[in-house]
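Fold and contact review
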Amino acid sequence: KGLELLTAALSTTRRDPELAWILGKGWYTLARHDLDQAAALSLNESERKVKKNLEARAGLIMDAEADLVHVVEQHEPEWILRGLLDLGDAYITLREDMMRSPTPAGLSAEQAALYVAQVDKSTRVLIAKAFNAYDQGLIVAGTLGFEGELTETLRARRDALPTD
């Protein structure tokens, strides 16, 4: 109920430069909540449960992306950078969880190896999405002249991603 009230309050508040910081924080909080809820959905379950949780995670990450659009509209660099950092981290966590997810039952060792290779290949898009989130944060920081711990973290995470 509290999240619904927060969403309603944020949605009906007009854009006001004097409220930008708190509005940015509010939208960021909603995005952070969505990403936390997504990360809590396990991919170490039965095939059916994994499919359900994976779809739910994707939906929650999309909800967080929508919330982050509102954060960007506030032009508050702290919340924009935190949001993009968290979004990039969510993509990487999702990929790591998918790679650790159990292979379907009944596969031979050879089939299981092919399955893992296919999951690796198909989840590389999440690395690209993480790179874009981190990089977009750095672009915003550069545009707004913002430098600090958040930009250092964004740069370190972006630069640590595999490039192949």
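Here, the structure is the one placed above.
1. Remarks on the layout of surface pockets
Any space left empty among the atoms is revealed by the rolling of a water-sized probe across them. Counted as a void, the largest pocket has a volume near 220 Å³. What lines the largest pocket is a set of 14 residues, among which Glu47, Val50, Ser101, Pro102 and Tyr115 lie closest to the centre. Secondary-structure elements contributing two or more residues to the lining of the largest pocket are α3 (47-73) and α5 (109-122). It is α3 that contributes the most residues to the lining of the largest pocket, four residues altogether. For the lining of the largest pocket, the per-class residue count stands at eight nonpolar, three polar and three charged.

2. A word on the side chain of Gln74
For Gln74, the location among the structural elements is in the loop between α3 and α4 (77-100). You can call Gln74 buried: its relative accessible area is 7%.

3. Brief notes about the packing of aromatic side chains
Under the definition given, this model contains two aromatic pairs. Both rings, one in Tyr28 and one in Trp79, keep their centres 5.2 Å apart while their planes meet at 35°; by these two values the pair is tilted. Taken together, the residues Tyr28 in helix α2 (residues 20-39) and Trp79 in helix α4 connect sequence positions 51 residues apart. Using a relative accessible area of 7% as the deciding quantity, one classes Trp79 as buried.

4. Some remarks on unusual backbone geometry
Positive phi values are uncommon outside glycine, yet His75 reaches one of about 60°. Along the chain, His75 turns up in the loop between α3 and α4.

Criteria and thresholds
- Each residue is numbered by its place in its chain's sequence as written, counting from 1.
- Given that this is a predicted model, residues contribute local features only at a pLDDT of at least 70 and side-chain atom pairs are listed and counted only at 80 or more, while totals for whole chains, interfaces and linings are drawn from all residues.
- Excluded from the side-chain calculations are hydrogens and water; all other atoms, namely the structure's heavy atoms, are used.
- Detection works on a 1 Å grid of protein atoms alone, calling trapped sets that fit a 1.4 Å probe cavities and calling open sets with protein on both sides within 12 Å along at least five of seven lines pockets, with lining residues defined by an atom within 4 Å of a point.
- Grid points are joined across faces, edges and corners, and a volume is the space filled by probe spheres set on the points.
- Labels follow the DSSP assignment, with helices taken as runs of H or I lasting at least four residues and strands as runs of E lasting at least two, numbered in each case from the N terminus.
- Polarity classes work like this: nonpolar for Ala, Val, Leu, Ile, Met, Phe, Trp, Tyr, Cys and Pro, charged for Asp, Glu, Lys and Arg, and polar for all others, with Gly in that last group.
- Relative accessibility decides the category of a residue: with a 1.4 Å probe and only protein chains considered, values under 20% of the type maximum give buried, values over 50% give exposed, and everything between is partly exposed.
- Any two of the Phe, Tyr and Trp rings considered here, Trp counted by its six-membered ring, make a pair once their centres fall within 6.5 Å; the pair's planes then place it as stacked at under 30 degrees, edge-to-face at over 60, or tilted in between.

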